[in-house]
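# Observations on the three-dimensional arrangement
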Amino acid sequence: MDVASQDRPRRSFSASSVGASSNAKKERVWVAVRIRPLLELEQLARERAAWTAVGSNSLQHMDPDKPAAQCTCHQYNRVFTDCSTSAQVYAEAAGGLVAASMRGYNSTIFAYGQTGSGKTYTMQAIMAAAAQDMFQVISQEPGREYIIRMAAAEIYNEVVRDLLRDNSPGLKLLDDPVKGTVAEGLSEAGVQSEQHLQQLLAEVEARRQVSNHSQPQQVQSGVTAQL
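Another aspect to go through is the layout of surface pockets. Here the idea is plain: a probe the size of a water molecule rolls over the atoms and shows the empty space left. In this structure, the second largest pocket encloses a volume near 1500 Å³. Taken together, 48 residues make up the lining of the second largest pocket; nearest its centre are A32, V33, R34, Y112 and S117. Broken down by secondary-structure element, the contributors of at least two residues to the lining of the second largest pocket are β3 (32-34), α2 (86-101) and α3 (119-140). Ranked by residue count, the leading element in the lining of the second largest pocket is α3, at five residues. For the lining of the second largest pocket, a count of residues per class yields 27 nonpolar, 12 polar and nine charged.

So this is what it looks like as structure tokens:
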């Protein structure tokens, strides 16, 4: 997430939180896993969860043919159980990055997972909470002028589309010597308020391509929103 403030230079950072001793030139990656609870149809089919949280940092594969001690276990910065709320995920995994963005850091939050794993559900909750926090910070600093712009793009079956425009044609990807890879012609919208941002996010969601969850191998897609 990238939020511009007129009186503060941009810095690069990517982590769950920013401390007073953080090195502005150092980039960090903080990885969390959220376990999706079984859907109703899965419960009716008596399916069992394949993964479980062990403590707050370990993810263990549940193999019915092996004792727990022999099952594969992976370590992460944070593992959220299937009972975790979106508010908890935001507070621990994303809220610090939003606060860092408002202090001038370049921060990125992204969700990765297979089709139907709950990425959209989680990211919609994170974006709604981020919008609220951003404008709360702005309201508390009336002497500082913030400029917030939003861009949104979708990569669907290797075609890049502008999600702020209806019937967007495919956009070309170019290598910019300063910005890196950019989408040629990607539009930006000025954000005036929390309600306006929520409206833009709703419009972006309505323009997304929705894949068939029963045939995930046939679709490659991803959505990015930049502020």
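Relative to the helices and strands, I155 is located in strand β10 (residues 149-156). On the basis of relative accessibility, which here comes to 45%, the residue I155 falls in the partly exposed class. In the structure, I155 is positioned 67 residues away from G222 in sequence and 5.2 Å away in space, judged by C-alpha atoms.

Another aspect to go through is the packing of aromatic side chains. Tallied over the entire structure, the rule returns zero aromatic pairs. The positively charged end of R78 is found above the aromatic ring belonging to F80, 4.4 Å away from the centroid.

Counting 24 residues, the largest nonpolar core has Y90, M134, M150, V191 and L197 as its most contacted members. Mapped onto this core, the elements with two or more residues apiece are α2, α3, β10 and α4 (194-207). Per element, the largest residue contribution to this core is seven residues, and it comes from α3. Not counting chain neighbours up to four residues away, the residues in contact with V191 comprise F135, I148, R149, M150, H196, L197 and L200.

Turning our attention to the pairing of strand β12 (residues 173-176). Consecutive side chains of a regular strand alternate in pointing toward one face of the sheet and then the other. Pairing of β12 with strand β13 (residues 180-183) involves four bridges; the strand directions are antiparallel. Opposite L174, over in β13, you have V182 as the bridge partner. Between β12 and β13, which pair antiparallel and follow one another directly, the connecting turn spans three residues.

Now for α3. Spanning 22 residues, α3 covers 32 Å between terminal C-alpha atoms, matching the ideal 32 Å at 1.5 Å per step. If you check which residues of α3 are buried, you get T122, M123, I126, A129, A130, A131, M134 and F135. Buried residues along α3 sit in contact with β3, α2 and α4.

With the rule as written, the count across this model stands at seven salt bridges. Ionic pairing is found between E154 and R161, a salt bridge with its closest N-O pair at 2.5 Å. Residue E154 shares its accessibility class with R161, and that shared class is buried. A salt bridge links R165 to D162, with the nearest nitrogen and oxygen atoms 3.2 Å apart.

About the criteria used
- Residues numbered from 1 in each chain as written.
- Predicted model: local features only at pLDDT ≥ 70, side-chain atom pairs only at ≥ 80, totals over all residues.
- Heavy atoms only, no water.
- 1 Å grid on protein atoms, 1.4 Å probe; cavity = no way out; pocket = protein on both sides within 12 Å on 5 of 7 lines; lining within 4 Å.
- Points joined across faces, edges and corners; volume = space filled by probe spheres on them.
- Helix = DSSP H or I, 4+ residues; strand = E, 2+ residues; numbered from the N terminus.
- Nonpolar A, V, L, I, M, F, W, Y, C, P; charged D, E, K, R; others polar.
- Buried < 20%, exposed > 50% of the residue type's maximum accessible area, 1.4 Å probe, protein only.
- Phe/Tyr/Trp six-rings, centres within 6.5 Å; stacked < 30°, edge-to-face > 60°.
- Lys NZ or Arg CZ within 6 Å of the ring centre and 35° of its normal.
- Core = buried A, V, L, I, M, F, W, Y, C linked by side-chain atoms within 4.5 Å.
- Contact = heavy atoms within 4.5 Å.
- Pairing = 2+ DSSP bridges.
- Expected span 1.5 Å × (residues − 1).
- Salt bridge = Lys/Arg side-chain N within 4 Å of Asp/Glu carboxyl O.

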